[in-house]
Amino acid sequence: DQQVKQNSPSLSVQEGRISILNCDYTNSMFDYFLWYKKYPAEGPTFLISISSIKDKNEDGRFTVFLNKSAKHLSLHIVPSQPGDSAVYFCAASAASKSTFGDGTTLTVKP
Amino acid sequence: DTEVTQTPKHLVMGMTNKKSLKCEQHMGHRAMYWYKQKAKKPPELMFVYSYEKLSINESVPSRFSPECPNSSLLNLHLHALQPEDSALYLCASSTSGSNQPQHFGDGTRLSIL
């Protein structure tokens, strides 16, 4: 049973608009959540994280929101840029173990 | 440039071969990880080393044998692999302790004939 789900395999947005990527989890033991970005032929790169004691974390154009009651987190990118086009993985962590979602391929059109 | 270096980038081996994947980092991280990633699937955790000791083994078959010779190096020894073991093998490292972001290498693409 998949504990971390990204239900949208792909997302396409126009340059300058907001990109919203979603992630749902089932395990209440997860206490730390991360987003990674992956370009083709490269390993995932850490983007932003949030602890379960917070509901929002912001870093430049990237903001992660956590709704613990709904077991849902989202990544907002604004404004979106063509260089943001990549696969985005949501990960949830407990006791040094990270579980990844299937990923969402984001395409930002110029 | 990635700060976690994996070699080789590609490896083709037969089911009776013995080979090793190597991973190196010089960020002073004391936690290192092996993941397996199949096409269009997320990375799946295989092993975690903390301070050069194996701390997590996710019930990985014994034909995969990890080794951490020192704080900068992580190896994955392969023997008698099956075709279904063909995948991208990713190494990662992080500072010690829970809830730390991981730094990934670019992976080794392994094909079993």
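Residues numbered from 1 in each chain as written. Chains lettered and ligands numbered in written order. Predicted model: local features only at pLDDT ≥ 70, side-chain atom pairs only at ≥ 80, totals over all residues. Heavy atoms only, no water.

The subject of this paragraph is the overall build of chain B. For chain B, the helix and strand inventory stands at 0 helices and 11 strands. Each helix (α) and strand (β) of chain B, taken in turn from the N terminus, gives the series β-β-β-β-β-β-β-β-β-β-β. Counting only residues that meet the buried cut, chain B has 45% of its 113 residues in that class. Restricting the contact set of chain B to residue pairs at least 6 apart, pairs at least 24 apart contribute 54%. (Helix = DSSP H or I, 4+ residues; strand = E, 2+ residues; numbered from the N terminus. Buried < 20%, exposed > 50% of the residue type's maximum accessible area, 1.4 Å probe, protein only. Contact = heavy atoms within 4.5 Å.)

This brings us to the interface of chain B and chain A. Residue-level contacts link 20 residues of chain B with 19 residues of chain A. Between chain B and chain A, a total of about 1500 Å² is buried, with carbon and sulfur atoms accounting for 56% of that surface. The tally of links between chain B and chain A comes to 1 salt bridge. Put simply, K97(A) and E58(B) hold a salt bridge, and the shortest N to O gap is 3.0 Å. At the boundary of chain B and chain A, one finds 4 residue pairs in polar contact (both at pLDDT 80 or more). Mapped by element, the contributors of at least two residues to the side of chain B that touches chain A are β4 (31-37) and β5 (44-50) of chain B. The element contributing the most residues to the side of chain B that touches chain A is β4(B), with 3 residues. Within the side of chain B that touches chain A, the residues separate by chemical class into 10 nonpolar, 7 polar and 3 charged. (Buried area = accessible area lost by both parts, 1.4 Å probe. Salt bridge = Lys/Arg side-chain N within 4 Å of Asp/Glu carboxyl O. Polar contact = N/O pair within 3.5 Å; in protein donor to acceptor, adjacent residues only side chain to side chain. Nonpolar A, V, L, I, M, F, W, Y, C, P; charged D, E, K, R; others polar.)

Ranked by internal contacts, the top residues of the largest apolar core, which has 24 residues, are F33(A), W35(A), L73(A), L75(A) and Y88(A). Where this core is concerned, the elements lending two or more residues are β3 (19-25), β4 (32-38), β5 (45-51), β7 (62-67), β8 (72-77), β9 (86-94) and β11 (104-109) of chain A. Counting residues per element, this core draws most heavily on β9(A), which supplies 5 residues. In this structure, L11(B), M32(B), M46(B) and C68(B) belong to the second largest nonpolar core, which totals 22 residues. (Core = buried A, V, L, I, M, F, W, Y, C linked by side-chain atoms within 4.5 Å.)

Mapped onto the fold, S93(A) is located in strand β9. Apart from residues lying up to four places away in sequence, S93(A) is in contact with M29(A), F30(A), D31(A), Y32(A), L34(A), S98(A) and N99(B).

What follows is about the state of the cysteines. Cysteine pairs can be linked by a disulfide, which is a covalent bond between their two sulfur atoms. According to the stated counting rule, one finds 2 disulfides over all chains in the structure shown. Covalent S-S linkage joins C23(A) and C90(A), the inter-sulfur distance amounting to 2.0 Å. Between C23(A) and C90(A) the sulfur-sulfur dihedral comes to about -70°; the bridge is accordingly left-handed. Within this pair, whereas C23(A) is found in strand β3, its partner C90(A) is found in strand β9, the two being separated by 67 residues in sequence. For the pair shown, C23(A) and C90(A) are each scored as buried. The partner cysteine of C23(B) in its disulfide is C91(B), sulfur to sulfur 1.9 Å. The sign of the -70° torsion about the S-S bond sets the C23(B)-C91(B) disulfide as left-handed. (Disulfide = S-S within 2.5 Å.)

Glancing now at the sheet that holds β7(A). Residue and element names in this part refer to chain A. Overall, antiparallel pairing links the 5 strands, which are arranged β1-β3-β8-β7-β6 in an open sheet. Of all the strands in the sheet, the pair left with one neighbour each is β1 (4-5) and β6 (56-59). Note: β7 against β8, 6 bridges, orientation antiparallel. Opposite F65, over in β8, you have S74 as the bridge partner. (Pairing = 2+ DSSP bridges.)

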